[in-house]
Structures are given as C-alpha cells and as structure tokens.
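Architecture at a glance
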Amino acid sequence: MFIDQLSAVVPRRGGGLEKMVPGTDPAEAGGSAETGGPAEAGGLAQTGRAAEFADFARELGLAPDESATELFAASAGCLALGRIAAAAVARVDHSVDPTSRSFADYVAAQTPPLDLGLPAEDLWVATVLSHLGAFTERTALFALASVPPPGAGPQDAEGVLMRLRMSGIVADAGADGGRRLLRVPVLLAASLRRSAAAADSGSEASGLLSHLVPALVDHLETAEAIDAQVLADVLDLARRARHWDVLVRLADSVGLPMFLLSPEAACAAYGGLPPEAMTVEPDLALMARIAEDIIDLLGGDFDQQRLQEALIGETRTGRLRELCFLAVPDAPPSQVIVTEVGPATVLRDMSSLVAAGRHSEAADLGLSARIRPGAKRAQLIIRLVAAICAFHDGDVARARAVLHDVEVQAAPRHVDGDYLVPAAVAWAALASAVAGDHERTDALLARLARTAPRPTLVDDVVRSPWRIATALRALDRLDLDLAADCLADVDRAPDGMGLRIWIPVIGRRLAVLAARTTADLIIANDDVAHDDLDDGVPSTTLPRLSRDLVSGGRSAVFTALGQLRWAEVELEQMSPDSAARVVAGVRVELVAGRSESAIAQVEAWFYHPLLTPTGRAELAAIRAAAQARLGRDAEALDEFRTTLGLTALVSSLLPLAWLPRTDRIRLLDLSAGDPAWEPVFRAFAETGRAQLLTRLREVGAVSVSEVSMPQLSKAEAHLLDLLATDRSIAQISAELHQVPGTVKNRLSALYRKFGVSGRAEAITRAGALGFLPP
C-alpha cells in the first residue's frame, strides 16, 4: 500500500484541487479544476499553468527557464519529485536530461512512494500506462485491454483515461504524423513503476509485464506500419524484464530498421547482453554485435542523420556490412548466407544448395519454408533471397513475381534508409531488363531514382542490380559512356550476390560495340576475362543464367573476331532452351556466309514461343541482312521495316547494332527516309535522330562481316587435330588405320574446304577460324 506522504494535483468529485505538499493550500498550488493538469514543456501560458509553474520554480529555487519547464512537465508539478530531481541535476551535471528514463528511475529510487489519492481502477490504469513512453489513445486502450486488472478492473477505460488527462497524470506529448500523443510524465511514471514493482514482492509488476510485453509484440507484428514509440517501449520492457525471446521476435519481425526507427532503444536493448541471453537465444548474437558497433561509432549521440550515415558507411565498407550483407546466391562454397537474425536454418540450407549449384532447389526451399507468421521481416528476406536464386537459375518470370510480392508486402512497413523495398525494386528492374521488358525496367529505374537517391542499409544489394539494369538500358540506347560508368561502379562494389558475372558480360558487349581495332577488342576481352566465374570453379556449380551469360559473351567476341568455330563451341555450352543461343547461332550462319541457311533458320525460329520480342527483332535484322547479301533488296527493305517496328516496340537499338557493320550501313542506306523509322525516332526521342543514326553507323567498327567458314564432319575435325600435331602421313595412317593414299585424298579435300594448298596454310587458317586452339 502506498504511504500517505505526498499528494499530486488530482481533481476531486467535489471540485477543486488537493494540496501538492503537506501544509500547502490549493491557492499556494496555483491550480484549479478549470486549469487542468500539468502540461509538457512549453505552452504554459496557453494552458493557464504559468502561475503554477512560477510557484513550482520558486519553491525549488530554480530560475524559470527551459530546464525548469522540463522538470515541471516531467514531474507533473509534484514538488517531491521535482525537489529530488533538481538536487540530482545540480549534484551530478547540469547537462543531465531530466526527461530520460534512466534519470527518472534514479529519482524514483530516491523518492518515497507517492499517494496520488486515486481510485484503485485509476491507479491501475496509470500504472499500466507508466510502462509506456509516448502513446496514442488507441495504443493506451489496447495496452489496458491486454493486461488482466486486479479485481473487477475499470468498467470504462476511456473515462478513466479522460480523468487521468484532466488531472495531469496523463499529459499531452505533442503530435506525430497527425496523431496526438500522450504520456505519463516521466518522473511520475518512474515512481508508479517502482511502487508497482515493490507491491507484493514484485509479482504484480512481473505479471503485468508478462501480459503487456507479448501483447505489444503481437501488435507490432500485425500492424500495417511499425509504431516507433511502441517499438521503443517493447525493446525497453523486454530488456528490463529479461525477455530474450521477445528480442528475437522483434529481430524477426522488424529487423535492422529498428536501428533507424528507435536507435537508442534498440542499442540499449541489444547492446551488452549478458551471457545468459546468448546461451538461451544464440540468434541474438548478430543483433548484439550490430548494436555494439553502433554504440562504438556514435557513443551516445543518436542524431538521425549521423546514425544513418554511420550505419550505411559501415554497412558498405566495414564491420556492419560483414554482419548484415545478404551474400551469395552465386558465391563459392566457402561463403555462406549472412542476413539479419531470423530463421537461420532455412538460410543455411539455402546457402548449402547454392554452393552446390542447386539454385532452383534453393529458391523452392525459400518459397516453401514455413516461417512463424509474425516474423514478417524474416519471411520477406528469405523470399528476397529465394527470388535472387530463381533469377540466377534463369527462371526470370518466377523471380519477377516473387520480387513484386516482396515489394508489396514490405512497402507499408518501409523505413527511409532500409534496403528491403529498394532491393526488391532494383532486382525486379534487372530481371525485367534480362526478360526484355524494357518498359517495366524503365519504370522501375525511374522509381528508384525518385525514392532511393541516397544509400541504404546493405546498399550493395540495391546499388549493384540497379547499376547493372541501368547499364543494360544504356546499351539498348547505344549510350556506351553511361554503360561503362555503371560497369565501373559495379566493379568497385564488394563481391556478393552473384553479380560480378555481369562485369565480363557487359564488358564484352561494350568491347564489341566500341572497339576501333582488332587489338582493342582482344585487349578489352582479356581485361574482363578474369571476372569469368567459371575460372577455377566447376561449371556445374554455376547457376544456369551465369553459364549462359559467360558463354554468350565469349561467343559474341569470337563472332566479331571471325573465330566462328570457337563461337560455336561457346554456344554449345549454353542451355538448350536459351533464346540467346538460338539468335547467336543464326548470326554465326550469317557471318559464315551461309545466307540461305540463316534465312531458313530465322523462318524456323521466328514464331517459336521460346523467342522474346527482342530475339525476334534480332532475327528479323539478320534475315534482312541475308536478303541484302543475296541481292534481294526489295525483300531486304521489307524485312528491315519489320525490324524497325520491333526495335521501337522493344525500345532497344541492339538488334540493329549487332549486325555486321557492312550489312548495317547497307540497310541504313537502303531505308534512308523510309517512314518505318518514325516509331524508332519517337522511341528514342531523347537521343535525337542525328545522334541515333550516327551511333548506328559507328558502333561495331571491327566486327568481321563475313568469313568463309567450312563445315567439318567429326572425322574431318579429328583429321585436322592430327594434322596440327606434326604427325607424318604414315603416323596419321597408323592412327586412323587407313592406307596413306586414303589419308592423302582426305587431306586434299580438307585443304579445299579451307581454300588452301598445304599443311601449314591449313593449320594457320583453321586456327584463325577457331578450329584449333591457340
């Protein structure tokens, strides 16, 4: 039971005010029923509390300044609390914040229990609310409904709340986003908490928290948006009550954004955890390390801008990045998925599948995993990683669908500076670019530019796919400088997420389009070759998309150099159902001088469901070039008009740019002034007509237009290999079990196919075409 020693400003049924301190009459208190209770700092004149504040300051010997105003608000005008608090401030440090919870707890420990003269139900409501910081009326009612009251409990919680507001036990705490906030003044709240904890040896407080904390966590997990104040309250209560399981639940449901929403509370909750917590909940280790790093970086200064800059800087370059970065889906076996605290078993199993090259199974596991419903953050992170695995496996449609779902679900709880929504958008932009959905890609890139101009937490998971998608669209416009800048950004980013494969992919495309000499093309190809992920790594562990991208890029370089056999070897490494493989194979036919074969293959594949609109545009361009080579200008022009229409549709100039330059210029001249160009000019209005046509005439300057490419049987290829080993005719005869005359006849036929007359010329010519290794 509380001691009848001090009283606060409390309205009575008969009207008027009780005295604040024994021996003080209502007039001395300076209040009345009409003036209401103590207000928060500021606005005293408007609330009619100026006289009461002046008496409070005079009684405590304080100057009526901002510090005294804060103390008045924090103590609800209670002289006993104010006197001890003022003395503590003077004794310790005048810069002490009298509104901080730690200081309030210190003052409450020095103050005898207060007799507020409240009815039991009002006192119980005030005690429950004293465990919260700033709260809305809705949150207050939710909290009261969550805790079983002693006895019958209040019949009208809203009415009790109104009485407490009128008395000053609950005060206004400003507004946040249009919501009116309330709070129990901090010094008074500390006194109420301490009295409740002392009653019945703490069992009442323990019981109160055992109901209040889980209820508030449930509220956070099910709410559409995260209430920063409720989050701070739950973090504080869970740490004080040693509810380690609650801290794990918060990490699963809120995650890293808690350090942006409630940084001080998050660091206090997870920093310096005792060994007991780590033993009971090992998953707390990661959040503990993050909190301790933030404390080391910022000390006690949790300024929002400094906090975000520190978090982002450390995430990108230091310890926090190592702790939080979503590494993998394409990483070597030595790497593991590291993410926020969450269902670690699922992520570890996904990582093992990725390391074994089983990206499709990793995606299946992530999408089918049964995660606790309240762990929204962990669920969405797992789905994000699963979508990335699906993307790397080449299942771009599935990846796009999952990424859209992640974005939609994460958007209501998004916090500025967090990476989850921007990452979903950035990866969706990249997936859309790969799928040839350029309209969607451009829309997503525009959104990123508007909504995520500044770095985010774990920024690499956002910036790298964003820059790669931007580079791909720059290539579509033949803006080679922008593509090169984006590629340099990706090259500077830390390795991870399986995206370094795009450095040689985009680098080779740039090389083919920009090189002015054969030497430039060879050097550029060599410069990016060290980033090919299959060097030293079994090809079976590479995801399908990576294998196709690497082989497709190499094939493009070999085709440009005229080494068509090597180009074909690379194409054979690609997935059989790869649309890029089909188009590149037809292009080899054109460069090999087999125009009729190229036309036939275009006709066979053009309407195949495997082909994308971009692939059909490339095939139409190849067919137009082949028709022109055969002297069929009318047919070539008609086919080129189809190409231009598809080029405008897919918003990409690459179907034209990938043609050998001689063929491209011939078709440009043939179609000069044709109305079919108008949709293309409209689609690339920002580029301008003159610049667009100039780019189309200049790119791909060194690509070989036509090479006489023999087609060899397996027996002829084997004979060529033997010839290149400097074996004599007799040795070759013995190897093939054929008489020398037969071998000589076969060699003569082989020489004719290469257009040469002897062994040395045949070996040189075969090497140039890629039939023999360098």
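To be clear, the structure that these remarks concern was listed above.
Report follows, based on the coordinates. Keep in mind that what you see is a predicted model, and the values were worked out from it rather than measured.

1. Topic: helix α31 (residues 564-572)
Within the sequence span of α31, burial applies to Leu564, Ala567, Glu570 and Leu571. In an axial view of α31, the angular spread of the buried residues amounts to 115°, which keeps them on one side of the axis. Buried residues along α31 sit in contact with α30 (544-561), α32 (579-591) and α43 (759-769).

2. Some remarks on unusual backbone geometry
One non-glycine residue, Leu478, adopts positive backbone phi at about 60°. Of note, Leu478 is situated in the loop between α26 (460-476) and α27 (480-492). Its identity is not glycine, yet His737 carries a phi of approximately 60°, on the positive side. Its location among the elements puts His737 in the loop between α41 (729-736) and α42 (740-754).

3. Regarding the nonpolar core
Tyr270 and Trp502 are the most contacted members of the largest nonpolar core, which totals 211 residues. Setting aside anything within four residues of it in sequence, one finds Trp502 in contact with Phe391, Leu430, Val434, Ile468, Leu472, Leu487, Gly507 and Leu549.

4. Focus on the layout of surface pockets
The rolling of a water-molecule-sized probe over the atoms marks out the regions of remaining empty space. Considered as a void within the structure, the largest pocket measures approximately 1400 Å³ in volume. Those elements that place two or more of their residues in the lining of the largest pocket are α24 (420-435), α26, α28 (502-514), α30, α32 and α34 (613-629). Considering each element in turn, the lining of the largest pocket owes the most residues, 10 residues, to α30. Taken as a whole, the second largest pocket encloses approximately 1000 Å³ of empty space. Along the walls of the second largest pocket sit 38 residues, with Thr99, Ser100, Arg101, Ala232 and Glu264 positioned nearest its centre. Those elements that provide at least two residues to the lining of the second largest pocket are α4 (66-74), α6 (101-110), β2 (179-183), α10 (186-198), α12 (228-240) and α15 (263-270). When residues of the lining of the second largest pocket are assigned to their parent elements, the largest contribution, eight residues, is made by α12. Across the lining of the second largest pocket, the residue classes tally to 19 nonpolar, seven polar and 12 charged.

5. Notes on the packing of aromatic side chains
Here the distance between the centres and the angle between the planes together describe a pair of aromatic rings. Considering all chains together, one arrives at seven aromatic pairs under this definition. Between the aromatic rings of Phe53 and Phe72, the centroid separation amounts to 5.6 Å while the plane-to-plane angle is 75°, which identifies the pairing as edge-to-face. Of the two residues, Phe53 is situated in helix α3 (residues 50-60) and Phe72 in helix α4; the sequence distance between them amounts to 19 residues. When sorted by exposure, Phe53 lands in the same class as Phe72, which is buried. With a centroid separation of 5.8 Å and an interplanar angle of 80°, the aromatic rings of Phe391 and Trp427 are classed as edge-to-face. Pair noted here: Phe391 is in helix α22 (residues 376-392) and Trp427 is in helix α24, with a separation of 36 residues, a long-range link. Accessibility expressed as a relative area gives 1% for Trp427, which makes it buried. For Arg377, the ring lying beneath its charged end belongs to Tyr419, and the centroid distance is 5.3 Å. Over the ring of Phe606 we find Arg623, and its NZ or CZ is 5.5 Å from the ring centre.

6. Thoughts on the environment of Leu736
Inspection of the secondary structure puts Leu736 in helix α41. Residue Leu736 is classed as buried on the basis of its relative accessible area of 18%. The sequence separation of Leu736 and Leu719 amounts to 17 residues, and the corresponding C-alpha distance is 8.6 Å. In contact with Leu736, other than residues within four places in its own chain, are His718, Leu719, Leu722 and Arg746.

7. Remarks on α24
Taking 1.5 Å of rise per residue, the 16 residues of α24 would be expected to cover 22 Å, and the 22 Å separating its terminal C-alpha atoms lies within 8% of that figure. Burial analysis of α24 places 14 of its 16 residues in the buried class, which makes it a mostly covered element. The first or second residue beyond α24 is Gly436, which carries a positive phi of 85°.

Analysis parameters
- Residues numbered from 1 in each chain as written.
- Predicted model: local features only at pLDDT ≥ 70, side-chain atom pairs only at ≥ 80, totals over all residues.
- Heavy atoms only, no water.
- Buried < 20%, exposed > 50% of the residue type's maximum accessible area, 1.4 Å probe, protein only.
- Helix = DSSP H or I, 4+ residues; strand = E, 2+ residues; numbered from the N terminus.
- Arc of directions from axis to C-beta.
- Contact = heavy atoms within 4.5 Å.
- Core = buried A, V, L, I, M, F, W, Y, C linked by side-chain atoms within 4.5 Å.
- 1 Å grid on protein atoms, 1.4 Å probe; cavity = no way out; pocket = protein on both sides within 12 Å on 5 of 7 lines; lining within 4 Å.
- Points joined across faces, edges and corners; volume = space filled by probe spheres on them.
- Nonpolar A, V, L, I, M, F, W, Y, C, P; charged D, E, K, R; others polar.
- Phe/Tyr/Trp six-rings, centres within 6.5 Å; stacked < 30°, edge-to-face > 60°.
- Lys NZ or Arg CZ within 6 Å of the ring centre and 35° of its normal.
- Expected span 1.5 Å × (residues − 1).

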